[in-house]
Every structure is written in structure tokens, then in C-alpha cells.
Amino acid sequence: MTTLMSSDGPAEVINARRTESLDAPNILKLVSPSTEQLFGLVNVVHLIEKAILAVTLHNDKEEVLAHAAFFDYPNLDSVDPAKWQDWIGDYYDCKQSTPLNSVFMHYFVSKPEFSRGSAREIIRTAFNAVPDLHFIYLVVPQNVFPESALSDIFKPVDKKAGSKVLEKCSIFVCQRHDHSPVLFVRKARVEDHDDLTPIFNRQSDMLTKTYGDYFLAELIEAQDDNNHAVVTEVDGTAIGFMSICGEVSNLDLLNECFELGPFHGLKKAHSDDILEVPRQASPSPVPMPSAPGTGEGDRPGTDGSVAKSDRPESVGSKKVEEDADEMEVEQPFSPTVAQTPQQPTPMSQPPASREGGTESEMKVRPKLSEVQLGESSSSLLSDASRADSAKSGQSSQASGSVAKSPVDDAQEEPTVPERTPTPQLPARPQRKTFKPVYHGASNCFCIQLFCIDERFEMRSMDFLPMAFKLFPDRDYCVVSMPHLVPEFPLLQNFVRVTPRCPSTLPQELYVFNRSGLLQNFEVRPVCKTDIGNVKSLIKTLNQQDCLLADLQQYFVARRDPNGIPIQAFVATCFKQVVGVAVTRKEEDIEYIRSHYNIEDFIYFNHHRRHEHGHLYHFALNPIFQHYSKHFLKEVLRQSHYSCLYFPVYPPYSTDEMVGKHSMVSALNFMVPVRARRQIVYPVDKLGENAPSDRVCKEEDKYALNHINRKLTLEPKVTVNARIVVIGASDVSISFLETLAFCPHLRFNNMTLISPNGLPGEIPPDPVRSGFLATSHCYTQDELCQLSLRTWVNVVCAKMVAINRSSKYVVVTGGTKVPYDHLIIGTGLQYQTTAPTEADIDKLLTNEEVPNNPNRRYMGAVPSNVFCINDEYDAFEVKHWLSKTFLPAQGKALVYGNTIDAYTTVQTLLTMGVTGDRIVLVQPPHNYQPTCFNNSTVDKAVTNALKEKGVEVYSGYYLAQWNDGQGGDTVCSASFTSDTKPIRLECCAFFCFNRKAVDYEAFKAINDSCLVYDGKLIIDANFHTNDLSIRAAGPVTKFQRKYHADQWTHSNFNSKEVGFMLASTMLRLFDPTIENDTGPPIEPHNLIPMYRNAKVVGASLPGEYHYLHVGKPSLNQSLDALMAQQDFGEELITGHPEKEGSEYFRIHVNQYNIIETVTCLSKKPLETGNLLCLYGLHERYLNNMVSRMQEGLIKDFYHFFRETWSLAVFHDRFGDFRQEVRELLIQRPAADIASLEEKVRDLIDQDLQLDKKDRKYLNDAYEEGSYKRSVETRLLSFLSYNYYHLPMYAKPGMV
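From a predicted model like this one, the values you see are computed outputs, not experimental measurements.

> Tell me about the overall build of the protein, and name the residues and values.
Within the protein, the secondary structure is distributed over 34 helices and 56 strands. The proportion of buried residues among the 1294 residues of the protein is 58%. Residue pairs at least 24 apart in sequence account for 77% of intrachain contacts in the protein once pairs closer than 6 positions are excluded. Here the protein has roughly 53,200 Å² of accessible surface; of this, 50% comes from carbon and sulfur atoms.

Shown next, in the form of C-alpha cells:
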């Protein structure tokens, strides 16, 4: 915030921010004739879209006062953006100017009275925002001199001696030292105390309270050879302080808790260093079964069975701190990159088994975005020689001189995760995690205390040259910070070291190598002489063959055999190759635009087709990680791209897709792009009016990551708080998705604890997925397009305890996972029902059973009794059925009256089990509605079961297994009823009686003294009685003070609940919204209500496809709902009993808004389209109610497949509806009421509108500007989305 004085006196308090495209109209108002002379006629929106930095000044009334746009190349059409250095070097003496430290001003406008102050403020803002920036150039036409506001700042560039005269333009320059100079740094003196104390006290008075008023003077006085204090000063006044110490005594602890392999453990090389597993010590593989998983969420989880390499992970691949003796680290798996170990000796492992495992085994899957290049980083400045590592058999990469050491002395080995194999049942050996051992002396110093005036914090890096000068024999500077301390500007240039997952050290570790001070970081096209250096850089990258093949193809033809251009670049520092990138032109940009929301980040129409690039490979030495965005920016500039895209394929993708990519290390600097819901097109009806094949084609699903020119200089806010999520339920996935997809935030420490990890990471199988009904919150394709494994660490284990005082979760095996914020979202799971132990020989009835029929079975579960809670349970059941049940004789008994009992029966039938081998036993409903709550559907399914020959028994409780004799398997089951009991033989027993909280989760919650009253108690803001622990989903219930015991999160859409939970958390971290300082006040004690539909989909007996979409509600019978006066109307077409007729029921409320959709059909349902019907007014649907009443609609399936309806199913139709609503609530003029206000006035007079009132409103709509505005918006909507909606005619076509 700054005060600007105008030329005529009044002052304005102004703020600087990044320019948005919405500022364009206000910017155009500032354009003057001199602006056009200086910069020409420009498209301001296009300028903002392509600028690497655009700055706007505005006052407290949000009025735009000035704007400037900066590019990384001159604004001359005759100059190739990729070669501007050569061009400017031919005419001017600009040897110090590089793409790293130079930008060009392409545009500047301001209010005339504030022009001088605005220009200086914008220039100062640009230098502050980009610390590496030293030169801002202004290129103007010949004979045009900059306006006075700019001429005061920009000076003519000195011409090169003997150069030609540049005829078409003149070049001016503005240098950093005139506006935001590099700070002067010196050793601290005691007299600096008075200048520094106020700065410390403004930020925190903790040190003063702890150590006294003169702690700073004492610290400065205590300097010696190992402890130094330095200050920065401006005009003789100290404005910053740094205390550094050469003694880092806990290096072994840091190596235990952090992945310091790429930095050689922060120690000097030593001959006794052990950098790889001694080969003679490698034991033979010993089968070790893995733990059985129990689904912890209310949706499928993921497998814990992934092939593990015995090779140590490198940086970016988090490892487990081994609190327990038996523990295993699960390597990350990636379809786009391959695991890079610290030694190149691969050893394959058989896949995992989930049968017969022990609970002491735990697996960890680190997130892909943490992966960097591996091995020890070398300093490019150090003169230390390489040391031979006798025990490792290799030379450790210590450090090398710029002049002496070869290129490969400074290289890093890219760490890349392995792909996940398809889950299989053979056992897998368990191996101990290897950790390198370093014996050398310390090679680092640490920053103990740091503070700087907020006005100069962007110049914090100016301390480091002096710090390294004071420790000339050390290559690394380290800083440790508590997790909850926000990352300050100094740390943005440090490398955040990957913690071993889960690390119990409550600190984040940052490392900076002295080579990072080098400004000689250049990016250029690769040449053939670089190939040896590139090989050294990527020597342990598993996809190195693919990368090298791409480089070879680049050298041969600069394009693929199919004609797609290839571009390859290397990053160098003092002529040593430290990075490599390979791109191709993006040929599928139409598919990307139509399937991903890239328009959240770009205005698509301002980017030409050839400006979209596809990133295939990216590797960069970690000590230059802070140059990653500059590397990407240079790739964009030199390849003439404006956007880059990178896909992350699911683990089960084909090798053909996976092998093409190897980049992982830049993922943290890109933004994830959300996928778009697609319309299901009736292609047979559309014919030539269908969308193009580029839009409709089927491709392997992937998650998309993106960067463009605007984002290359836009930093993310780093959040290091440890957020631990328990359970892979829909709520948990939605929560993680919301946080991970915040483009301006980077959450470094999100961890999911779930027995089977993330859902959706095994190949899709329609038979396996048929065992359970679906909530349609996340489909398999949607999970692939999220790729949460890129952003979330996964601990494949179960929570067994919570220590609230020390803030950690204990998982199976005893490992501790620390947290700052704990989210409990375990959902509910089917539990094995305990028999009531009723003796059927005594002819007991249900009212006489000795025990509760809904008890949980606490003993050893027989081997042929199954509860299916997720896709991994379903996988095991399917495997067991195929291997054991199908070849044998005997019956499968399904116990339960939930929808999953019916889906399991149908899956058994699909697998080839005949109906006479299936028995369905249903417990009494106890006056509750059936799972379908629809008599028509109930009758259709019951008839289908009879037709298939399935035995059905209703109203029975489980009494005994094996007549009470026990045993490892169940051979018979006895049941009681209200009449006589029955005894049934079986060789498989499926339990779908009821869902409950997992026992281990309940015990952990209860033992930690979290309030539990049947379920975990929360308030309206998801808080438990511990403010650092939140919970959501079916595992919770609201506090009794809300008087809403019947309403829980299970009544609502889980995805929406997860989103709202994340929204409350974002208030703690997001600087763009107001932060919570404490729990929000609840004045009315009302529970939150959610609006999204509750959805159930299933495959039912009779080969029926079932879908039910309804508003959140209590579990009331349909008959009771229809008896209510405000029920509305139901519209039904078809009936299951009529051959060829498909059942479709729609319920519209009294306001003619659709509240319920129920479908039962033997044809596949167009689910994506049908879900869009919920919440729409029937007028949107071609006057559906009146057409139905007139008998014009015979079949809703056919009605909604007509081409008129496709716009309604478009994913942006909701945005269009919101735009129309905004038109109707806006006033045409300040003194004219809006249409909404007129409606409210009439309703206030009488709730019922008569014909006269309706005519008045209709006339106001048509005679005013509303109708024309709505029609314009509609045409704009159809036109902008025409690639999806070509079946609609546009004006001029007919």
C-alpha cells in the first residue's frame, strides 16, 4: 500500500496487484494518443493473456489508475523472441543482460495526473516481484520519445562500438539499482541492536520475553569463527539480521528424518561412505504375506499390493521412519516416469498378496510431485576433490570445481516412481529399507536466526553470498522451520527436502547449495555435443532410453516420423549441463479443451493452435530447483509456445502410453487442471451434426497438468502444515481434491491413511465393480483424471490410536504419523454379523433370540465369510469365487436387505453362478422402507430373482453357523423368523446386513477421548471436541444442541460434504480469503444444509440398470412422502412388467423443479446426462410437464435423447443459468427496479400471482432489455461451446 501524489494536489492510496483480464475495459479508458504512438494499437486482453508479468495499480475504490505489461522478448515483429539476445547484442552493449535478469515493457498506461508516481511504483513492484530481475527494457519506434513519466525512469542504452545504426526503433533501459537495489551486507556490530530490535518486536516479542531486552546485542558480541551475525543496511540503518552457525550437530538425525541422498547427507565425501546395498549382503527373497485390508471408506479404496524394489529411494521418494521393526516402504508408482534408485541395479519383486498377512506390515506411497533428481548434488563452486567410496564400489558425487570437474560431477539422478502392477495374489518378499551411511565431516552451516524489514523481504537472498563467504569450506546452507510457520521469501529459493514419510520430526528442512548463487543459468537448444552430458544427468532414469531416443530423433529430423515437431533444450551453468527438457507440439488440443477446464487458466481464443506444447521430459539438478519456472519460461519462449501440458496416466496404463514421458520434477510448479463432464451424445441421431472426432474420440484417461506464460512468474503459497486424512471415503477424496486443485496453493504435507490407499488405481473391471452399488461421486475415469497420488502421500495401514497431546496417529505396526490437522473420514463399513446363538431346535422366533441380531462378530472370521467394502475386497472375492467356488458344488448365501446384497447376487449371476446355487436371506425391515423405496422397482427385482431361480427368504435373523459347532469355514447357516426357523447349506457366505464404524477406528476415537455418541460428534463446522481434529461423512453425527439427531452427513452428497470441509480448512491457509482466528460463532445453532443430489446406481438382478437421484432427505417411505400436501407431482413412463418398456419416474415439486429421478432399464443408462436433470425447472426441459399432460411424451428415455436437450447436459449450462439469473437481479438503471424486485413485491402482496400480475411481469421482461440480454447470452453460450454443441443452428445459418 502506497500513497501517490497527483500533479494537481490530491493524493491516492494505491495497491499493486497482478492484472486480470476483467481489468481490460478500465485499462482501455486510460489509453491516450501518446500511448498508441509509443506502443501501437494493441489488444489489451491479448497482451494481459501473454504477458509474463502484468501489474495494475488501483485505489481503495478499485478504480484502475495505471497498468503495465512485461514480456521476456522485445515488442518487435521483426525480432524472433527466441533470439533477441543476438539481436540486441549486435547493436548495444548489453553483455550483462540475460533472459534470467531482463524483461521488456510492452505497454504502459496511467491516469495523467498520477503518471509519474504510477510508473515508478510499477517499476518498483516489478523489481520486488522478480528478485532476479535487473534490467527492464523499453523499445519504442524511431523518432518517438517516451512520455515524461517513462523518460524519467528509462535511459537510452549505450550503443556498441562500431555497430550499425538501429533504424526502426530505439531502446531504453531501467536498472534495478535505481529503484530496488541489491542490499549491502556486512558483519553485525553491537550498535545495530537499536535498529534491529523494533523489527524483531514487530514480528514477535517471544525472543525478548525469553532472553531479555539485550539478547541481540549479546548474540552479536558472541561471534567467533563458528558463529557469525550479518546485517543488511539501507542508508546506514540496519534493516535485516541473520545469525549463522557452522556447527550442525544433528546431521545423523536429519538423515534419519529427511531424504538427504541428493545432497550427500550434507557431509563431505568419505572413503567409508555406504551409498548402496552391499551386494554380498542381499538375501534371497523370502515370501512375506501382506496385511488383509478392510475398506475404510464409504467407497472403494486402493490396493496395498505394489511390487517393491529393494533399491533405496532418492529425494522426492519419501520413506518411513522405522518405529517398528517390520515395516516396508512402498515405492511410488507412476505411468509417466520410472523409479530411479540411488544405484542402477534393478531387482524385481513379485507382487503383493492380501491373504494371510500380518498387521505389522505397512506400506507408504509417496506423492509423485516430490520426486527430484537423485544421488548427491555437487557444488559447481567448490574445489573439493572427489573421494572414492570403498564400501559402495562407486565414486560418491561430492563436489567439483567449475574449471576442473567434468560435467557429470555435478549431475543428479532423476528419481522416478515405478508403475503399479495389477494386484495379484502371490506373496511378496519384505525387505528392510536401505539408508545411505555417510562418514564425512559436515558440509553445511545453518541459519539460526533471521529477520528483515517487511519492505525489503524480497531481497532476503542478498544475505547468502556473505554467508557462504564466511564459510568457504561449506557447500550447503540449511534452515529448519516449524510446519505451521508460513514460508517466507528467503525460503522460496531453497530446496525443500523431502521428509521420510512419516517423519516424526516437527520441522521442515530447507537446503541451499552455493551453486544456486550462480546467475549464469542459461537455456539453449540441445546439440549433439551435449549428449554425453545429458546421459550423465539422466543415467539412472528408467525412461532414459525414451528420452535419448527423442533426442536422437530431434538431431535427425527435428520432428517425429508422423511430422510432429520436436524441440529439445538443455539448461547449463558455466557450460555444465544441469537440466534437459523435451517438448512436442500438442496435437490433441481440441480434445484437451473439450475434456479439461484449461479455460480456468487461459483465454483459449487468444492462443493459436501452434502455441500449445506437450512436455515429455524434464529433469533438473535439485540445487537449481529455484530456477525450474525460469527453465519452463525459457522453453516456452524459445519454442514459441504459450502453454505446456503434461499428462499423468494411471498406474495400469499401457506401456505404450507410459513410456513416452519421464518428467516428474517440475510437477510442483505446474497447476492441475480439472476434468470436464462430457455429454453422452446420441450419435445415431446426430449424424453429421455430431461433434468432431477430435472432441468425441475415446482416449486413455489421464490427469492433466499445465503451465502458461502468465504462471511462470506467479508464485504459489506454500502450506507445510501436516494434514492427515483417515480413510479413503468419498468425503476424504473430495476434501483432498479440493485442496490439491487450488492453483495458487501448494500443500506439501497431505497424507492419506487407508488400508488400500487411494481408490481407482487398479484396472477397471465391470464384473468386479458390480459387487457394490455406486454413489457416482467418483467414477473410475474421474479418479484417473484426478491422480491424487501426484499430490498426496499414502500410508497403506489402519489407524489404531490417536495421541491428541503429542498430535500423532498410530497405525498398524506401531508407526506414528504426526499431524497438525487431522481429518477423520472413515465412513461406514459392512461388518460381519454375529449369530444370535438362538437354538433353532427350540423353535425360537425373532422376538425370542437371546442376543442382538445386529451385533458385530468379534471372533476369527471363517475363511468363506465375506464382507465387501471396496474394490480390493471385491477383487479378492472374485478371485476366490473363480478359483474355489465356481468349480465346486454348493450354494452362495447372501445375507442382508441392502442394495449391495442385490448387486452381489447379480454379480454372481454374471460370473456364471446359476440361480439355484444362490440364496438371498433378508433380515426384517422393522418398519423401515426398502433400499429402493419404490414398490415398482421392488416388484421388478423380486420377479427377476424368481425367474433366475434364486431362493429368497425375507424376515430372517442369522442364528448359528455350523449349528453352533464353530469351524474355520461355514458349511451351514441357521435363521430364525417370526414363524419357523430354517437351516441352509452353503459354501460361501456374504454379509450385507448393516454398516457400522470400523472397530479399530472406533477404539482409536473412543480411547483418545473424542466425544462419541453412537457416532463421532461434530459441530456445524466439522470440529470435534479437539479443534485440531475435524471429521465428516457417515462416521459422524451432529451435537445434540442442534436438535437434529435424524440428520447426519449420510443424508447428504458425500462429495459436497468433502468440498465444504475443505472450504472451512482453506480459511486457515488461503491468503485470498479472510482467515479464521478461532472457531466461527454459531448464533442460531443450525446445521448446514447441502443441496446436491444423493445418487445411487447399481446393476440389479434381471440385468437391470438402476439409477436413483434424489434430494437430501430423511429415510421416509415413498407413500408417506406422496401423502404430503406439498409433494408435487410424479411423472412416469414405462413399466418393468411390460416387455420392451423401460421404467422412468420423475418427481417434480410444487414449484415444478425436479427433485427425484428413478430409472430402471435393461439398456445401459446415459448416467452423465440423467444426473443433470436434478434441480432443473421443467421449463428448461421443453415444457416437460405440459407435454406429459398432453400425452406427447411416451418414453422419457427417448425424450431426453432428442437433440434439443444436449445443451442442458453441457457442463457449463449451470454457469449459463447463473448468468441469466444475474441479468434478472440487476437494475437497468439506479432508479428502475430489477425484474427480481418486481417479482418479490408482487409476492409480498399475495403469494399467488394472478393472470394480471403474470402479464405485467411478462411485459416487463419483453419490453425491457431483459429478453434481448438473455437471448444474447444464450447465443454466446452456444457459440463459445460450439465444439460441443454443433447441432444447434447459429444466426445466419438458416
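> Residues and numbers for helix 11 (residues 463-470), please.
A large share of helix 11 lies buried, amounting to six of its eight residues. Listed in full, the buried residues belonging to helix 11 are Phe463, Leu464, Met466, Ala467, Phe468 and Leu470. For helix 11, the secondary structure elements touched by its buried residues are strand 9 (184-187), strand 10 (227-234), strand 11 (237-245), strand 19 (444-452), strand 20 (476-482) and strand 22 (507-513).

> Which residues make up the environment of leucine 464, and what values do they have?
Locating leucine 464 in the fold gives a position in helix 11. Taking relative accessible area as the criterion, leucine 464 reaches 0% and is therefore assigned buried. Between the C-alpha atoms of leucine 464 and arginine 514, which are 50 residues apart in sequence, the distance is 8.4 Å. The contact partners of leucine 464, leaving out residues within four places of it in the chain, are Cys477, Leu490, Phe494, Phe512 and Leu517.

> Could you give me a rundown of the pattern of salt bridges, with the residues and numbers involved?
Following the criterion strictly, the structure yields 55 salt bridges and no others. With a closest N to O distance of 2.8 Å, aspartate 963 and arginine 983 form a salt bridge. One end of the pair, aspartate 963, is in the loop between strand 44 (957-961) and strand 45 (972-976); the other, arginine 983, is in strand 46 (residues 982-985), with 20 residues separating them in the sequence. Arginine 983 gets classed as partly exposed once you look at its relative accessible area, which sits at 39%. A salt bridge links aspartate 1045 to arginine 1040; the nearest nitrogen and oxygen atoms lie 3.4 Å apart. Given the relative accessible area of 42%, aspartate 1045 is considered partly exposed. The network of salt bridges with shared partners includes Arg202, Asp453, Glu454 and Arg455.

> Kindly report on the packing of helix 33 (residues 1251-1263) against helix 34 (residues 1266-1280), identifying the contributing residues and their values.
Between helix 33 and helix 34, the shortest axis-to-axis distance is 4 Å and the interhelical angle comes to 60 degrees. Viewed along their axes, helix 33 and helix 34 adopt a mutual orientation that is oblique. Facing helix 33, whose interface residues are Ala1260, Tyr1261 and Glu1262, helix 34 presents Tyr1266, Lys1267 and Val1270. Residue classes in the contact of helix 33 with helix 34 are distributed as four nonpolar, no polar and two charged.

> Pulling in residues and values, what's your account of the pairing of strand 33 (residues 750-753)?
Side-chain alternation along strand 33 places Met750 and Leu752 on one buried face and Thr751 and Ile753 on a second face that is also buried. Across four bridges, the pairing between strand 31 (residues 723-726) and strand 33 is parallel. Note on strand 33: the bridge partner recorded for valine 725 is leucine 752. Both strand 33 and strand 34 (residues 793-796) contribute to a ladder of three bridges, which runs parallel. Bridge assignment links threonine 751 to a residue of strand 34, and that residue is asparagine 793.

> Describe the sheet that holds strand 22, with residues and values.
Read across the open sheet, the seven strands follow the order 9-10-11-19-20-22-21; overall the sheet is mixed. Looking at which strands have only one partner, the edges of the open sheet turn out to be strand 9 and strand 21 (495-496). Against the sheet, helix 7 (residues 193-203) makes contact with strand 10, strand 11 and strand 19, and its axis sits at roughly 75 degrees relative to strand 11, the strand it touches most.

> Break down unusual backbone geometry for me, with residues and values.
Even without being glycine, glutamate 837 reaches a positive phi, approximately 65 degrees. According to the relative accessible area criterion, glutamate 837 is exposed, its value standing at 53%. The residue asparagine 962 is not glycine, and still its phi comes out positive at about 50 degrees. Relative to the helices and strands, asparagine 962 is located in the loop between strand 44 and strand 45.

> Requested: an account of the layout of surface pockets, with residues and values cited.
Volume-wise, the second largest pocket comes out at about 2,300 Å³. Looking at the lining of the second largest pocket, the elements that each hand over two or more residues are helix 31 (1213-1225), helix 32 (1235-1245), helix 33 and helix 34. No other element matches helix 31, which puts nine residues into the lining of the second largest pocket. Its residues placed into classes, the lining of the second largest pocket shows 24 nonpolar, ten polar and eight charged.

> How would you explain the sheet that holds strand 56 (residues 1154-1161) if you had to name every residue and give the values?
What the five strands build is an open sheet, ordered 52-53-56-55-54; its pairing is antiparallel. Every interior strand has two partners, whereas the edge strands, strand 52 (1094-1100) and strand 54 (1129-1133), have only one. Geometrically, the sheet is characterised by an average inter-axis angle of 10 degrees between neighbouring strands, direction not taken into account. Examined bridge by bridge, strand 52 and strand 53 (residues 1104-1110) share seven bridges and lie antiparallel to one another. Paired with glycine 1097 across the bridge in strand 53 is leucine 1107. Helix 23 (residues 899-910) rests against strand 52 and strand 53 of the sheet, and its axis sits at about 30 degrees to strand 52.

> Please set out the packing of helix 31 against helix 34 residue by residue, giving values where relevant.
Where helix 31 meets helix 34, the axes come as close as 10 Å, and the angle between the chain directions of the two elements is 160 degrees. By the angle between their axes, helix 31 is roughly antiparallel relative to helix 34. For the pair helix 31 and helix 34, the sense of crossing is right-handed. Where helix 31 abuts helix 34, its residues Phe1213, Phe1216, Glu1219, Val1220, Leu1223 and Leu1224 lie against Tyr1266, Ser1269, Val1270, Arg1273, Leu1274 and Phe1277. Taken together, the residues of the contact of helix 31 with helix 34 sort by class into nine nonpolar, one polar and two charged.

> For the side chain of histidine 106, give the residues involved together with the corresponding values.
Counting through the fold element by element, histidine 106 comes out in strand 5 (residues 102-110). Take histidine 106: its relative accessible area is 7%, and that puts it in the buried class. Separated by 2.7 Å, the side chain of histidine 106 and the backbone oxygen of tyrosine 73 make a polar contact. A distance of 3.3 Å separates a polar atom in the side chain of histidine 106 from the backbone nitrogen of asparagine 75. The residues contacting histidine 106, other than those within four sequence positions of it, are Phe39, Leu47, Ala69, Phe71, Tyr73, Pro74 and Asn75.

> How would you summarise the environment of valine 894 if you had to cite specific residues and measurements?
Tracing the backbone through its elements, the reader meets valine 894 in strand 41 (residues 892-895). Residue valine 894 is classed as buried on the basis of its relative accessible area, which comes to 0%. C-alpha separation for the pair valine 894 and phenylalanine 989, spaced 95 residues apart in sequence, amounts to 6.0 Å. Residues in contact with valine 894, not counting those within four places in the same chain, are Ala901, Thr904, Val905, Leu908, Val919, Leu920, Val921, Phe990 and Phe992.

> Now, about the nonpolar core: what can you tell me, with residues and values included?
Generally speaking, nonpolar side chains in soluble globular proteins are found buried as a group. The biggest cluster of nonpolar side chains holds 85 residues, and the ones touching the most others in it are Phe521, Ile598, Phe631, Ile723, Phe735, Phe747 and Met750. If near-sequence neighbours (up to four positions away) are discounted, methionine 750 is found in contact with Ile723, Leu736, Leu739, Ala740, Trp791, Val792 and Asn793. In terms of nonpolar packing, the next biggest core, distinct from the first, is built from 61 residues, Ala54, Ala66, Tyr137 and Val140 among them.

> So, the confidence of the model for the protein: which residues are in play, and what are the values?
Model confidence for the protein is summarised by a mean pLDDT of 85, while 88% of its residues fall at 70 or above. Segment residues 281-360: pLDDT under 50, and 372 contacts once partners within four positions in sequence are set aside and those in other chains are kept. Contacts for the low-pLDDT stretch residues 376-431, under 50 throughout, to residues beyond four places or in other chains number 246 contacts.

> Please set out helix 19 (residues 730-740) residue by residue, giving values where relevant.
A large share of helix 19 lies buried, amounting to eleven of its eleven residues. Along helix 19, the residues that are buried comprise Asp730, Val731, Ser732, Ile733, Ser734, Phe735, Leu736, Glu737, Thr738, Leu739 and Ala740.

> Run through the packing of aromatic side chains, naming residues and quoting values.
Per the counting criterion, the structure on display carries 52 aromatic pairs. Between phenylalanine 145 and phenylalanine 172, the aromatic rings sit 5.5 Å apart at their centres with planes inclined by 85 degrees, giving edge-to-face as the arrangement. Residue phenylalanine 145 is located in the loop between strand 6 (135-141) and helix 6 (148-151), and its partner phenylalanine 172 is located in strand 8 (residues 169-175); the two are separated by 27 residues in the primary sequence. A residue is classified by how much of its surface remains accessible, and phenylalanine 172, at 5% relative accessible area, is buried. An aromatic cluster is defined as three or more aromatic residues linked by ring pairs; in this entry it consists of Phe1144, Phe1196, Tyr1197, Phe1199, Phe1200 and Trp1204. Positioned above the aromatic ring of phenylalanine 885, the side-chain terminus of arginine 917 is 4.2 Å from the ring centre. Sitting above the plane of the tyrosine 1282 ring, lysine 1290 keeps its charged end 4.2 Å from the centroid.

The rules behind the values
Residues numbered from 1 in each chain as written. Predicted model: local features only at pLDDT ≥ 70, side-chain atom pairs only at ≥ 80, totals over all residues. Heavy atoms only, no water. Helix = DSSP H or I, 4+ residues; strand = E, 2+ residues; numbered from the N terminus. Buried < 20%, exposed > 50% of the residue type's maximum accessible area, 1.4 Å probe, protein only. Contact = heavy atoms within 4.5 Å. Areas by Shrake-Rupley, 256 points an atom, 1.4 Å probe, with all protein chains shown as cover. Salt bridge = Lys/Arg side-chain N within 4 Å of Asp/Glu carboxyl O. Axes fitted to C-alpha atoms, helices over the stretch in contact; angles between N-to-C directions. Parallel < 35°, antiparallel > 145°, perpendicular 65-115°, else oblique. Nonpolar A, V, L, I, M, F, W, Y, C, P; charged D, E, K, R; others polar. Pairing = 2+ DSSP bridges. 1 Å grid on protein atoms, 1.4 Å probe; cavity = no way out; pocket = protein on both sides within 12 Å on 5 of 7 lines; lining within 4 Å. Points joined across faces, edges and corners; volume = space filled by probe spheres on them. Left-handed = near helix turned anticlockwise from the far one by under 90°. Polar contact = N/O pair within 3.5 Å; in protein donor to acceptor, adjacent residues only side chain to side chain. Core = buried A, V, L, I, M, F, W, Y, C linked by side-chain atoms within 4.5 Å. pLDDT = per-residue confidence, 0-100. Phe/Tyr/Trp six-rings, centres within 6.5 Å; stacked < 30°, edge-to-face > 60°. Lys NZ or Arg CZ within 6 Å of the ring centre and 35° of its normal.

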